[in-house]
Amino acid sequence: MGVDLAGHIEDTKLAEALSERYIAYAMSTIMSRSLPDVRDGLKPVHRRLLYAMQQLRLDPTSGFKKCARVVGDVIGKFHPHGDASVYEALVRLAQDFAVRYPLVEGQGNFGSIDGDGAAAMRYTESRLTEIAKAMLEGIEDDAVDFRPTYDNEDAEPVVLPGTFPNLLANGAAGIAVGMATSIPPHNAGEVCRAARLLIEKPDATVADLVECIPGPDFPTGGILVEERDAIIRAYETGRGSFRTRARWAVEQGRFGTWAIIVTEIPYQVQKSRLIEQIAEMMDQRKLPLLGDVRDESTTDIRLVLEPKSKGVEPEVLMETLFRNTALENRFSLNMNVLGGDRVPGVLSLKQVLRAWLDHVHEVLVRRSNHRLAAVLRRLEILDGFLAVYLNLDEVIRIIREEDEPKASLMKTFELTDLQAEAVLNMRLRSLRRLEEMEIRKERNKLADERKSLETLLGSEKRRWTRIGKDLENTIQRFGSGPLGDRRTTIAQPPKPVDISAALEVDREPLTVLLSREGWIRTMKGHGLDPEGHRFKEGDEAGLTVECQSTDRLCLIASGGKAYTLKAADLPRGRGFGQPVRTLVDIPQEDQVVALFPVTEEGRRLIVTQRGRGMVVLESGIAAEKRTGRQVFNVKDGDTVFACIPAVGTHVLTLGSNKRVLVFPLEQVPEMNRGTGVALQKLGDSTLRDVRVFTLEEGLLWQDGQRVRSPADLAPLEARRAATGRAAPQWMLRKS
């Protein structure tokens, strides 16, 4: 009898229980859901879809079947998950704008590049494409291992065979637990040529492979404008990004007018959302050179962009659009995949190709062994047929008269069990003379095939030569024509286009208000009292900066990053403004330390709480991108404390330990990026205040106090990084 566990309670620590269950969930997500296999480039759901469709005999030459039937077979036999997610995976495999080489041929509404969803699965139909058929080729020849399905009632392939480089050709994207993958599509012909180069030259570098694979090949085309060195570096490390732009041309109109026609947009950018984004930015007056946008697309993309005046240069107009809209986009590269040993890891381009070639080689060996075993079995049977053809009368007598004809045949003609069984199962029509000639002809042909297979299996060099020929065949089948020709143009990085003259902003005085809670807005004029302005409930005035509307503002965060804002782009009016974190990507744990207008010759002293600092040029830390630029590499447990003008001859630092130090500013190095140098030895204390001043002019420490002369400050002078002297009372009264 089984043990009755009803009501049984087992005590365990919550942390242990959570850890055990979460690790199990994480491993399941990584291994069985989100990361593709480096060998066939498929996630389990895609692999099961293709295998189920093959079992349904949905070959490229057969008829279509309802997608509901396919999804039902997949979730019933192989993939016990929701039908919606399985159908979404099936739809994506059929979308020629989502995958470079569709593995499923769809009939019906399978969505559009505008972001429209597919019709319900009960309406749409599907079958496999030639590429999917090539990926499944050899699956019945013991080419790969099979494993039991989730209910142990069937078996499914661990990986698909086939010589199509699906991982790189179609790419992959997925988010697991603690890791993610993002691989752009590539041209299959170029990938196969790179693989052949790796066969011929195993020590080829990534730079050599990039000669064959110059970059991604997106299904939606576009223009790749990334630096070649950056492409090579991304493929070497398995991490990076690729900058793509829309393809456009100028169309001349009447009376000197013109319009820009966009025919290709970056990969994974929804056309309808792109037009909405452009329209929104026109409403916000962030695209002052653009007059109108229209969508004249049919099956082909055709976006019409009209300038506000025909005097605008097309390149300048497009530059404003590239900078502000998704007409220029970045696709990240993170080749995090499951290796042949099912261990996840980030691989380089060469490692990915090597792993795929090793898989192709293993498939060739297994298929050859399987075929050789079949040939040897058939040869054995044919030898048995030929042995009995000379004595057909005796064979007939034994079968008619003997109680155990099989044993008698084996004894009389020295046949094996397999041969005797084949003779007993022989049809009467096979006894004619002509059939004997056919058997000898078949035996000779199989003998030649056996010799060829044994030669192939005995020579690794011959096997790699055979794989090279298979790759050439793949190039001929899928590497040319409308499907195989490269769609994404590889171009040189664009030269900088000066748009400042076209976007000339009227120069006027502005006051920027940044509240304690991070809301930013501008008011016209200088000399404004920030206390007289309204803020959200619980918020109050923070930083106030006077500048001009043509200025760029630099924002320094406590994490050591610098961000650049254009004063003209900041929200105006008497409202509360806009959260600054919607304009630049400041981490939630970071706080704003300083905000100031950037000048060409301006210098700033950046100091951390632990007393480290360095001098930076304002113009050298400007960063146009939202993610900012890391200027100060802050150590663990430390944050940026202040960023003040480096105007003067000396620096004064005051610690929370009430020790003060004065030293020459020239002892602080000027850097563009770094961890700085120690300004004052603080021990376990932190910095309380920092000043830069001119020693000859003295120091005004606090309003209402007298200016402290050089003689007052002389006792506090020492070398940089010293402990400092006890602070005088007039300095401590500040707080």
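Residues numbered from 1 in each chain as written. Predicted model: local features only at pLDDT ≥ 70, side-chain atom pairs only at ≥ 80, totals over all residues. Heavy atoms only, no water.

Let me state the cut-off plainly: UniProt positions are given in the numbering used here, feature names are shortened, and annotations may be inferred rather than shown by experiment.
An unreviewed UniProt entry annotates the protein chain as DNA topoisomerase 4 subunit A of Gluconobacter morbifer G707. Database annotation for the protein chain, UniProt heading Function (unreviewed entry): "Topoisomerase IV is essential for chromosome segregation. It relaxes supercoiled DNA. Performs the decatenation events required during the replication of a circular DNA molecule." A UniProt comment under Catalytic activity (unreviewed entry) is attached to the protein chain, and it reads "ATP-dependent breakage, passage and rejoining of double-stranded DNA."

**Concerning the overall build of the protein chain**
To keep it simple, the criterion reads: Helix and strand labels come from DSSP, where a helix needs a run of H or I of at least four residues and a strand needs a run of E of at least two; each type is numbered from the N terminus. For a compact globule the rule gives 2.2 Å times the number of residues to the power 0.38, and the radius of gyration it is set against comes from C-alpha atoms. For every residue, the accessible area obtained with a 1.4 Å probe (protein chains only) is divided by the maximum for its type, and the residue is called buried under 20%, exposed over 50%, and partly exposed between those limits. Pairs of residues are marked as contacts when any of their non-hydrogen atoms sit within 4.5 Å. Shrake-Rupley sampling with a 1.4 Å probe provides the accessible areas, and residues are treated as covered by the protein chains on show and by no other component.
In terms of regular secondary structure, the protein chain is built from 20 helices and 33 strands. Relative to the compact-globule value of 27 Å for 735 residues, the protein chain shows a C-alpha radius of gyration of 37 Å, a clear excess of over 25%. Each of the three principal axes of the protein chain carries a C-alpha extent, and together these read 135 × 80 × 60 Å. Residues counted as buried form 47% of the 735 residues belonging to the protein chain. Intrachain contacts of the protein chain at a sequence separation of at least 6 include 68% that bridge at least 24 residues. Working note: accessible area of the protein chain is about 37700 Å², and carbon and sulfur atoms make up 48% of it.

**Regarding the UniProt feature "site: Interaction with DNA" (unreviewed entry) in the protein chain**
Under the UniProt annotation, "site: Interaction with DNA" (unreviewed entry) lies at Lys43, His79 and His81. In sequence the annotated residues extend across 39 residues, while in space they remain close, none of their C-alpha pairs exceeding 13.9 Å. The residue lysine 43 is located in the loop between helix H1 (14–34) and helix H2 (44–55) in this model. The exposure class of lysine 43 is buried, given its relative accessible area of 13%. Ignoring anything within four residues of it in the chain, the contact list for lysine 43 reads Arg33, Ser34, Leu35, Pro36, Ala173 and Gly174. Mapped onto the elements of the fold, histidine 79 is located in the loop between helix H3 (67–78) and helix H4 (83–94). Relative accessible area serves as the criterion here: at 7%, histidine 79 is assigned to the buried category.

**Some points on the nonpolar core**
The test is simple: As used in this record, nonpolar core signifies buried Ala, Val, Leu, Ile, Met, Phe, Trp, Tyr and Cys residues forming a set joined through side-chain atoms within 4.5 Å.
Ranked by size, the top nonpolar core spans 42 residues in total, and within it Leu49, Leu50, Leu90, Leu103 and Phe164 carry the most contacts. Mapped by element, the contributors of at least two residues to this core are H2, H3, H4 and helix H5 (130–136). No other element matches the seven residues that H4 contributes to this core. In this structure, leucine 103 is in contact with Leu42, Leu50, Leu93, Leu128, Thr129, Ile131, Ala132, Met135, Asn166 and Asn170, ignoring residues within four places of it in sequence.

**Quick look at the UniProt feature "active site" (unreviewed entry) in the protein chain**
In the numbering used here, UniProt assigns the "active site" (unreviewed entry) feature to Tyr123. Within the secondary structure, tyrosine 123 sits in the loop between strand S2 (104–107) and strand S3 (125–128). On the basis of relative accessibility, which here comes to 51%, the residue tyrosine 123 falls in the exposed class.

**Thoughts on the sheet that holds strand S30 (residues 659–664)**
Formally: Paired strands, as defined in this entry, are two strands with at least two bridges between them according to DSSP.
Read across the sheet, four strands follow the order S32-S29-S30-S33 without closing on themselves; strand pairing throughout is antiparallel. Pairing within the sheet leaves two strands with one partner each, and these edge strands are strand S32 (687–693) and strand S33 (725–726). Alignment of strand S29 (residues 650–655) against S32, held across six bridges, turns out to be antiparallel. Bridged to glycine 655 within S32 is leucine 687.

**Re helix H11 (residues 314–324)**
Counted residue by residue, H11 has eight buried out of eleven residues, so it is predominantly covered. Taken residue by residue, H11 has Pro314, Val316, Leu317, Met318, Glu319, Thr320, Leu321 and Phe322 as its buried positions.

**Quick notes on unusual backbone geometry**
In this structure, glutamine 268 takes a positive phi of about 65° despite not being glycine. Position of glutamine 268 among the secondary structure elements: in the loop between strand S11 (258–264) and helix H10 (271–283). In this structure, arginine 342 takes a positive phi of about 65° despite not being glycine. Along the chain, arginine 342 falls in the loop between strand S15 (336–338) and strand S16 (344–346).

**Things to note about the sheet that holds strand S31 (residues 677–678)**
Ordered in space as S28-S25-S26-S31, the four strands form an open sheet in which the pairing is antiparallel. Each end of this open sheet is capped by a strand with a single partner; those strands are strand S28 (640–645) and S31. Both strand S25 (residues 603–608) and strand S26 (residues 612–617) contribute to a ladder of five bridges, which runs antiparallel. Across the sheet, the residue bridging to leucine 605 is valine 615, located in S26.

**So, the packing of helix H12 (residues 349–389) against helix H15 (residues 417–424)**
How two helices pack is summed up by the angle between their axes together with the distance between the axes. The line we're drawing: Angular values range over 0 to 180 degrees, each being the angle between N-to-C directions of two axes fitted as lines to C-alpha atoms, with helices fitted over their stretch in contact. Left-handed is the label given to a crossing in which the near helix is rotated counterclockwise from the far helix by less than a right angle, and right-handed is the label when the rotation is clockwise. Here the nonpolar group is Ala, Val, Leu, Ile, Met, Phe, Trp, Tyr, Cys and Pro; Asp, Glu, Lys and Arg are the charged ones; every other residue, Gly included, is treated as polar.
For the pair H12 and H15, interaxial distance at closest approach is 9 Å and the crossing angle is 65°. For the pair H12 and H15, the sense of crossing is right-handed. Across from Arg377, Glu380, Ile381, Asp383, Gly384, Phe385 and Val388 in H12, the residues of H15 making contact are Leu418, Gln419, Ala422 and Val423. Taken together, the residues that form the contact of H12 with H15 break down as six nonpolar, two polar and three charged.

**Details of the packing of aromatic side chains**
Our working definition: Within 6.5 Å between ring centres, the rings of Phe, Tyr and Trp (the latter by its six-membered ring) count as paired, and their orientation is classed by plane angle as stacked under 30 degrees, edge-to-face over 60, tilted in between. Our definition puts a charge over a ring when NZ of Lys or CZ of Arg is within 6 Å of the ring centre and also within 35 degrees of the ring normal.
Going through the model one piece at a time under the given rule, you end up with ten aromatic pairs. Aromatic side chains phenylalanine 164 and phenylalanine 478 sit 5.7 Å apart centroid to centroid with 90° between the ring planes, which places their arrangement in the edge-to-face category. Pair noted here: phenylalanine 164 is in the loop between strand S5 (155–157) and helix H6 (166–170) and phenylalanine 478 is in helix H17 (residues 460–478), with a separation of 314 residues, a long-range link. Ring centres 5.7 Å apart and planes at 55° place the aromatic pair phenylalanine 218 and phenylalanine 331 in the tilted group. Here phenylalanine 218 is found in the loop between helix H8 (206–212) and strand S8 (223–224), whereas its partner phenylalanine 331 is found in strand S14 (residues 328–334), with 113 residues between them in sequence. With relative accessibility at 1%, the residue phenylalanine 218 sits in the buried group. On the basis of relative accessibility, which here comes to 9%, the residue phenylalanine 331 falls in the buried class. An aromatic cluster is defined as three or more aromatic residues linked by ring pairs; in this entry it consists of Tyr51, Phe78 and Phe146. Across from the ring centre of tyrosine 101, 4.6 Å away, lies the NZ or CZ of arginine 100, which sits over that ring.

**As for the domain arrangement of the protein chain**
This is how the line gets drawn: For each domain, the first and last residues come from an automatic or database assignment. For this analysis, a salt bridge means a side-chain nitrogen from Lys or Arg found within 4 Å of a carboxyl oxygen belonging to Asp or Glu. N or O atoms within 3.5 Å of each other form a polar contact, as long as, within protein, one can give a hydrogen and the other can take it, and as long as residues adjacent in sequence are counted only when both atoms are side-chain atoms.
Here the domain parsing of the protein chain yields domain 1 (20–183) and domain 2 (247–326). Taking only C-alpha atoms, the centre of domain 1 and the centre of domain 2 are 37 Å apart. The interface of domain 1 with domain 2 comprises six residues on the first partner and eight residues on the second. Summed over the shared surface of domain 1 and domain 2, the result is one salt bridge. Ionic pairing is found between lysine 271 and aspartate 114, a salt bridge with its closest N-O pair at 2.9 Å. Here domain 1 and domain 2 share five residue pairs in polar contact (both at pLDDT 80 or more) between them. Residue composition of the side of domain 1 that touches domain 2, by class: three nonpolar, one polar and two charged.

**Details of the pairing of S11**
On a regular strand, one side chain projects to one face of the sheet and the next to the other, so that they alternate. S11 sits mainly inside the fold: five of its seven residues count as buried. As paired strands, strand S10 (residues 247–252) and S11 are joined by six bridges and run antiparallel to one another. Bridging from a neighbouring strand, glutamine 252 pairs with tryptophan 258 of S11. Following S10, the chain reverses through five residues before pairing antiparallel with S11; phenylalanine 255 in that reversal takes a positive phi of roughly 60°.

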